[in-house]
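What the coordinates show
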Amino acid sequence: MQAIVTESLNHYFGTGILRKQVLSDINLEIKRGEIAVVVGQSGSGKTTLLSLIGALRSVQQGSLKIFGQEQQNASEQEMINLRRQIGYIFQGYNLLRFMTARQNVQMSVELKENISTKKARLMSENILKAVGLESHINYYPHQLSGGQKQRVAIARALVNNPKLLLADEPTAALDSKTGREVIDLIQHLARNNACTVVLVTHNHRILDIADHIFDIEDGCLQEKIFV
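The following paragraphs examine the structure supplied in this document. If you're wondering where the values come from, they're calculated on a predicted model, not measured in any experiment.

So, the pattern of salt bridges
Applying the stated criterion to the full structure yields eight salt bridges. One salt bridge in this structure joins Arg180 and Asp184, with 2.8 Å as the shortest N-O distance. Remark: Asp184 and Arg180 occur in helix α6 (residues 176–192); sequence separation between them is four residues, near one turn of the helix. Salt-bridge contacts for Asp211 lead to Arg191; the nearest nitrogen and oxygen are separated by 3.2 Å. Residue Asp211 is located in the loop between β8 (196–201) and β9 (212–217), and its partner Arg191 is located in helix α6; the two are separated by 20 residues in the primary sequence. The network of salt bridges with common partners includes Arg151, Lys177 and Glu181.

Here we look at the packing of aromatic side chains
Throughout the structure, instances matching the rule amount to one aromatic pair. The ring of Tyr12 is capped by Arg19, whose NZ or CZ atom sits 3.6 Å from the centre of that ring.

Comments concerning unusual backbone geometry
One non-glycine residue with positive phi stands out, namely Phe67, at about 50 degrees. Mapping Phe67 onto the fold places it in the loop between β4 (61–66) and β5 (69–70). Even without being glycine, Asn161 reaches a positive phi, approximately 50 degrees. Assignment of secondary structure puts Asn161 in the loop between α5 (146–158) and β7 (164–168).

Focus: the sheet that holds strand β10 (residues 220–223)
Read across the sheet, six strands follow the order β6-β7-β8-β3-β9-β10 without closing on themselves; strand pairing throughout is mixed. In this open sheet, the two strands that pair with only one neighbour each are β6 (86–89) and β10. Looking at each pair of strands side by side, their axes are set apart by 20 degrees on average, direction ignored. Here strand β3 (residues 35–39) runs beside β9; their pairing, made up of four bridges, is parallel.

Description of the sheet that holds strand β2 (residues 20–31)
On the basis of which strands lie adjacent, the open sheet formed by four strands has the order β2-β1-β4-β5 and antiparallel pairing. Each end of this open sheet is capped by a strand with a single partner; those strands are β2 and β5. Two elements, strand β1 (residues 2–13) and β4, share five bridges in a ladder whose sense is antiparallel. In the strand pairing of β4, Thr6 is matched with Leu64.

Examining the layout of surface pockets
Volume-wise, the largest pocket comes out at about 520 Å³. Taken together, 16 residues make up the lining of the largest pocket; nearest its centre are Arg83, Ile86, Ser108, Leu111 and Asn160. Residue assignment for the lining of the largest pocket shows that the elements contributing at least two residues are β6, α3 (101–109) and α5. For the lining of the largest pocket, the element with the most residues is β6, which contributes three residues.

The rules behind the values
Residues numbered from 1 in each chain as written. Predicted model: local features only at pLDDT ≥ 70, side-chain atom pairs only at ≥ 80, totals over all residues. Heavy atoms only, no water. Salt bridge = Lys/Arg side-chain N within 4 Å of Asp/Glu carboxyl O. Helix = DSSP H or I, 4+ residues; strand = E, 2+ residues; numbered from the N terminus. Phe/Tyr/Trp six-rings, centres within 6.5 Å; stacked < 30°, edge-to-face > 60°. Lys NZ or Arg CZ within 6 Å of the ring centre and 35° of its normal. Pairing = 2+ DSSP bridges. Axes fitted to C-alpha atoms, helices over the stretch in contact; angles between N-to-C directions. 1 Å grid on protein atoms, 1.4 Å probe; cavity = no way out; pocket = protein on both sides within 12 Å on 5 of 7 lines; lining within 4 Å. Points joined across faces, edges and corners; volume = space filled by probe spheres on them.

Have a look at this one:
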């Protein structure tokens, strides 16, 4: 079954004479459980595409279906409901500095209904153990390395077993060794949970994890086909 399907997807910033097209006639298909990597330079449209797939922006033109649900003309409540099925890994970690690693992850769990504080804590501790931070559960962000902070961000994104994981430049602030460890971790956890992954990056050293590789330039997307 298809997880993501776009047809003639276009997106613009600005209005009037300042209107600029940032995505042009985007067509792609990604099946459930697949990993798709989108590569391109800064300003090419990668993050805009990711934000549309993640229901963080409204679809302006064309069709975007996520798990069969059309996003064109979707209501705000429909977009909120979809976002609850998605895990997000942002480039800047976005951890709250006054919360421990466990509390940062647990906050994400507690946004869901009908989960007790005890269960939320257990889920948070288990996912932090899964990403190799068993001994750092009660550390604050300033006590963690860049790679450890990114592992907390991954744990937060995956703790609710999302159907879709979106990662925006997850290795940008990491050295090559730590970046590779983070990518391998995303791949391992996503495969184990049958989770679809869309990862945007300019790092060509991580392309080996992908089922699909898309190149985006000036808002135009093309899939790389290897034979």
